[in-house]
Amino acid sequence: MSLLEIKDVHSYYGAIHALKGITLSVDEGEIVTLIGANGAGKSTTLKTISGIVRPRHGAVVLAGEDLSNVATHDIVTKGISQVPEGRGVFARLTVLENLEMGAYIHNDNQQLADDLARVFDIFPRLKERYKQAAGTLSGGEQQMLAMGRALMARPKVLLLDEPSMGLAPLLVKNIFETIITINNEGTTILLVEQNARMALEIATRGYVIQTGEIVLEDDAKALQSNEMVQKAYLGID
Amino acid sequence: MSLTSNVLLYIIVSYGLGYLFRNLKNPDDTPKINWQMAGVIIGVTCAVANLGLALAGSSFGGAFNLDQPLGPIIGNLGTGLLIGLPIGMIAAYDMSKRFTIIDAWLLFFKIAIIYVVIGGSISSLAVPRYTTEQWFDFFIFGLAQGGIYALIALGYTLVYGILFMINFAHGEVFMAGAFTAFFIARRLAEPAVEGGSAYLDTNPFMSLVLIFAVSMITSTVVAVLLERIAYRPLRRAPRLVPLITAIGASFFLQYTFRGFYGSGVQAYPQVNALKGDLQVADFMLFIALLLIGLITYFATTLLLSNRLKKALPHLGWAPPTIIGIIILLALYLLSSPLQSVLVSGANIAFPLAPEMATELEITTRGEYELPISRIQFVIITSSILMMLGLYTVVQRTKIGRAMRAVAEDKDVAALMGVDVDRVITMTFVMGAMLAGAAGVLYALIFRQVHFFMGFLPGLKAFTAAVLGGIGNIPGAMLGGFFLGIVESLGPSLFLEGLGIPAAYQLKDVIAFTMLVLVLIFRPAGIMGVDLSKKKA
């Protein structure tokens, strides 16, 4: 059985039909990527999973439990953590406070210390700047902070929304290496990306989304050699 | 030299200096000294020059009818400043910049305010209308009143910080607490001959704790209901809608409480323990208890907090509660024995000279009176302590961190597992508790309550919050004290000197003029961040 399943989900923004029956699944330990163009519904899919957008039809199921009626702030306690698009760090809180916000659902101080040590281990830069206001960090550091903050909740599934957005190529490489590290430590990852080349390189499987519908689903390697994907997302003629 | 020729001289000098400053430019064609600064420099130059001339014998102290020794000096300095400052500003202003009719009006407005403030202050101080002791009294009264404004202003600022909405019914939350607590206070004050207990006189400390508790609880209940019924359903509505609702809720609460308690003005009972001036012994006791409080605070947080959290992770609220209870117990049990120990200690260390004792009609050192009344001292210290408490909660605790996170981004905070609705309710609770406490303090100093009492303090506190930068917690504290002091000193300092009769009745004019000035010249407030830079 898959860890996370999305079954025929329809989501709306007012009258706009943003997701038209999305079905996808993520197995434990996988990195699954969802690629697609601007406005295809990638972010909406993630928002629907974490409960910011409510599906009008269909279900989000985590380890057999239907999340459709779970409040947004309780979904994180079930084991889903999201790194929102544009990072969404709390600019006026310090780096440490941002990380503590990530562990909001936990109350054990010892565990908090362990998790902090783990995050600082993965992102040494954050340790150097833990007293600084998050708004003063560079874009790459903010991305690290957003990911570290999501890890503080000890998620089963980590949802990443465009981690490469607005970052220099070297930093993108860095971030993707970190994603692999996090995955190797046992966190399942659902990665939404416009940078299809990088995403397919590290993913086990991939989905292609177009105007609210899944049009392709395959192993990452197979998608890389798929003619349609090459043309539309990898820039190969 | 006659007055006219003197004035003409300064006009020419300041215009020339202003022209010079305007043409002193950096390589990138920006002026080296901006026009406001240039105005100040020229004003000071003229003032010094005028004083020099005056002292050299060519005095025109006749402009002000001054006979005190300090008078001519201040008068001459002030005259020079008054002529030099505005003319210098105008001359140093770079006219080649876009200069619209609005800029001209604002410039005129600034100069007019400077004239009123400086001119008024100088002529008030030059002819000493009040003694130093009286000015100090005004200042202390301003501080006490400012503390009350600051406590209410925090409620506006907390809610605005999270919901971006001005809760205009907050003044009524303040009224609800004070008015309800009045009935408890009256019952407690009933003397024995009328079948009462006179508990307020025999046991003032516990009575005050009870009055505060009733007021704070009432305010909290009103604020929570207000949020639940009137504001929560409108969370997603355009911003103007909750604002109008708040005004409606304000009237609703006023007339509901009028229905409950009647439309008359009720006199709050006098707390005899808070009568009179603060004595040295009281002050020593306060310092001693403050030390006990601080020691308890550090001991609990350092020793207990971490162990408690480890053993019982859900008891994050326990350390502050323990500190609070210990401090209250210490106040109740220790105050009288501690005071007698302190007084006898002081008497042994600094024996009282018999002449001084008879002159001041006191028997111990402890009875020496400080120039501040007990009630004002209580208001100032308790408001400062409550503000520090709130600041600690917002900066140090988990709920405070969640509040700041929700203020920045509600969706992301929810992703972290924060129950946004609960945090918003907590924000209203904190604001209401401070307003309830402020209500009792207000009733203690002004000694009357009525259903309309929340209106003016509410508006003033709103002004204070805007003054400090709305949404900013230290700003609201600073704005409250600042407004209180200006309102208390202002009429005597700025207006009486200009010969305005019954200036004290114009204190509200000063308060709201400050609101207008802040909105024109510094819309983000004293401590506020420029909104255009905030999102960076």
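Preceding this paragraph is the structure being described.
What you see is a predicted model, and the numbers here were worked out from it, not measured in a lab.

Participant: Would you explain the pattern of salt bridges in this entry?
Facilitator: Where charged atoms from two side chains of opposite charge come close, those side chains can pair. Residue and element names in this part refer to chain A. Tallied over the full model, the rule gives 20 salt bridges over all chains. The closest approach of N and O atoms between Lys78 and Glu65, which form a salt bridge, is 3.1 Å. Taken as a pair, Lys78 in helix 2 (residues 72-78) and Glu65 in strand 5 (residues 65-66) lie far apart in primary sequence, 13 residues in all. Assessed through its relative accessible area of 27%, Lys78 is described here as partly exposed.

Participant: Looking at this structure, how should I read a negative patch on the surface?
Facilitator: Residues and elements named next belong to chain B. There is a patch of like negative charges on the surface, built from Glu133, Asp137, Asp277 and Glu369. Relative to the helices and strands, Asp137 resides in helix 5 (residues 132-163). Relative accessible area serves as the criterion here: at 43%, Asp137 is assigned to the partly exposed category.

Participant: I would appreciate a short explanation of the packing of helix 4 (residues 101-126) of chain B against helix 18 (residues 473-495) of chain B in the present structure.
Facilitator: When two helices pack together, you describe them by how their axes are tilted relative to each other and by the distance separating the axes. Residues and elements named next belong to chain B. Put simply, helix 4 and helix 18 touch, their axes get as near as 6 Å, and they point 80° apart. The orientation of helix 4 relative to helix 18 falls into the category roughly perpendicular. Here Val116, Val117, Gly120, Ser121, Ser124 and Leu125 of helix 4 lie close against helix 18, whose contacting residues are Ser492, Leu493 and Phe494. Taken together, the residues that form the contact of helix 4 with helix 18 break down as five nonpolar, four polar and no charged.

Participant: Any chance you could explain the interface of chain B and chain A here in plain terms?
Facilitator: Interface size is commonly expressed as the accessible area that is lost once the parts come together. Each partner contributes residues to the interface: chain B has 24 residues there, and chain A has 25 residues. At the boundary of chain B with chain A, total buried surface from both sides reaches about 2400 Å², with 60% on carbon and sulfur atoms. Arg92(A) is the salt-bridge partner of Glu408(B), the closest N and O atoms lying 3.9 Å from each other. It is helix 14 (residues 398-408) of chain B that contributes the most residues to the side of chain B that touches chain A, six residues altogether. Classifying every residue of the side of chain B that touches chain A gives nine nonpolar, four polar and 11 charged.

Participant: How do you make sense of empty space enclosed by the protein when you look at a structure like this?
Facilitator: The gaps left among the atoms become clear once a water-sized probe is rolled over them. Under the criterion given, the structure shown has three cavities of 30 Å³ or more. Space inside the largest cavity adds up to approximately 50 Å³. Contributing to the lining of the largest cavity are Ser50(A), Thr72(A), Ile75(A), Val76(A), Ile80(A), Ser81(A), Gln82(A), Ala414(B) and Leu415(B). Secondary structure elements with two or more residues in the lining of the largest cavity: helix 2 and strand 6 (80-83) of chain A together with helix 15 (410-415) of chain B. For the lining of the largest cavity, the class distribution of residues is five nonpolar, four polar and no charged.

Participant: Could you clarify how one ought to interpret the sheet that holds strand 5 of chain A in this entry?
Facilitator: Strand pairs in the sheet, formed through backbone hydrogen bonds, run parallel or antiparallel to each other. Residues and elements named next belong to chain A. The four strands lie next to each other as 2-1-4-5, forming an open sheet whose pairing is antiparallel. Two strands bound the open sheet, and with one partner strand each, they are strand 2 (16-26) and strand 5. Note: strand 4 (residues 57-62) against strand 5, two bridges, orientation antiparallel. Its bridge partner being in strand 5, Val61 is matched across the sheet by Asp66. The sheet contacts of helix 1 (residues 42-50) involve strand 1 (4-13), strand 2 and strand 4, and relative to strand 1 the element is tilted by about 110°.

Participant: Can you help me understand the side chain of Gln82(A) in this one?
Facilitator: Mapped onto the fold, Gln82(A) is located in strand 6. Of the polar contacts made by the side chain of Gln82(A), one reaches the side chain of Ser50(A); its length is 2.4 Å. Excluding anything up to four places from it in sequence, Gln82(A) contacts Leu46(A), Lys47(A), Ser50(A), Ala150(A), Leu159(A), Asp161(A) and Leu415(B).

Participant: Can you help me understand the sheet that holds strand 3 (residues 31-36) of chain A in this one?
Facilitator: All names here are of chain A. Read across the open sheet, the six strands follow the order 6-7-8-3-9-10; overall the sheet is mixed. Only two strands of the sheet have a single neighbouring strand rather than two, namely strand 6 and strand 10 (213-219). Averaged over all pairs of adjacent strands, the angle between strand axes in this sheet comes to 15°, irrespective of strand direction. Here strand 3 runs beside strand 8 (residues 188-193); their pairing, made up of five bridges, is parallel. Residue pairing in the sheet places Val32 in a bridge with Leu190 of strand 8. Helix 1 contacts strand 3, strand 6, strand 7 (157-161), strand 8 and strand 9 (205-210) of the sheet and is inclined by roughly 145° relative to strand 7. Contacts between helix 6 (residues 139-151) and the sheet are confined to strand 6 and strand 7, with strand 6 contributing the most and set at about 170° to the helix.

Participant: Just checking my understanding: could you explain helix 17 (residues 455-468) of chain B for this structure?
Facilitator: Along an α-helix, residues three or four apart share an orientation, since each turn contains 3.6 residues. Residue and element names in this part refer to chain B. For helix 17, which comprises 14 residues, the first-to-last C-alpha distance of 20 Å matches the rise-based estimate of 20 Å (1.5 Å per residue) to within 8%. With 11 of 14 residues buried, helix 17 lies mostly within the body of the structure. Every buried residue of helix 17 is listed here: Pro457, Gly458, Lys460, Ala461, Phe462, Thr463, Ala464, Ala465, Val466, Leu467 and Gly468. In this fold, the buried residues of helix 17 make contact with helix 5, helix 6 (170-189), helix 16 (420-446), helix 18 and helix 19 (507-521). Phi turns positive, to about 105°, at Gly469, one or two residues after helix 17.

Participant: How should I be thinking about helix 4 (residues 109-122) of chain A in this particular structure?
Facilitator: Residue and element names in this part refer to chain A. If you check helix 4, its first and last C-alpha atoms are 20 Å apart, about what 14 residues at 1.5 Å a residue would give, namely 20 Å. What helix 4 keeps buried is the set Gln111, Asp115, Leu116, Val119, Phe120 and Ile122. Seen end-on, helix 4 carries its buried residues on one side only, within an arc spanning 165°. Considering only its buried residues, helix 4 is in contact with helix 3 (95-102), helix 5 (124-128), helix 6 and helix 7 (169-184).

Participant: Can you walk me through a nonpolar patch on the surface in this structure?
Facilitator: Residues and elements named next belong to chain B. Where nonpolar side chains cluster on the molecular surface, the patch consists of Phe283, Ile287, Leu290, Leu291, Leu294, Ile295, Phe298, Leu302, Leu303, Ile384, Leu385 and Leu388 and spans about 1100 Å² of accessible area. Only helix 10 (280-311) and helix 13 (374-396) provide two or more residues apiece to the nonpolar patch. By the secondary structure assignment, Leu303 is in helix 10.

Participant: Sorry, what's going on with the environment of Ile114(B) here?
Facilitator: Checked against the element boundaries, Ile114(B) lands in helix 4. The sequence separation of Ile114(B) and Pro86(B) amounts to 28 residues, and the corresponding C-alpha distance is 8.5 Å.

What counts, and at which threshold
- Residues numbered from 1 in each chain as written.
- Chains lettered and ligands numbered in written order.
- Predicted model: local features only at pLDDT ≥ 70, side-chain atom pairs only at ≥ 80, totals over all residues.
- Heavy atoms only, no water.
- Salt bridge = Lys/Arg side-chain N within 4 Å of Asp/Glu carboxyl O.
- Helix = DSSP H or I, 4+ residues; strand = E, 2+ residues; numbered from the N terminus.
- Buried < 20%, exposed > 50% of the residue type's maximum accessible area, 1.4 Å probe, protein only.
- Patch = residues over 30% accessible without salt bridge, like charges linked within 9 Å, V, L, I, M, F, W, Y side chains within 5 Å.
- Areas by Shrake-Rupley, 256 points an atom, 1.4 Å probe, with all protein chains shown as cover.
- Lys, Arg positive; Asp, Glu negative; His and termini not counted.
- Charge placed at Lys NZ, Arg CZ, Asp CG, Glu CD.
- Axes fitted to C-alpha atoms, helices over the stretch in contact; angles between N-to-C directions.
- Parallel < 35°, antiparallel > 145°, perpendicular 65-115°, else oblique.
- Contact = heavy atoms within 4.5 Å.
- Nonpolar A, V, L, I, M, F, W, Y, C, P; charged D, E, K, R; others polar.
- Buried area = accessible area lost by both parts, 1.4 Å probe.
- 1 Å grid on protein atoms, 1.4 Å probe; cavity = no way out; pocket = protein on both sides within 12 Å on 5 of 7 lines; lining within 4 Å.
- Points joined across faces, edges and corners; volume = space filled by probe spheres on them.
- Pairing = 2+ DSSP bridges.
- Polar contact = N/O pair within 3.5 Å; in protein donor to acceptor, adjacent residues only side chain to side chain.
- Expected span 1.5 Å × (residues − 1).
- Arc of directions from axis to C-beta.

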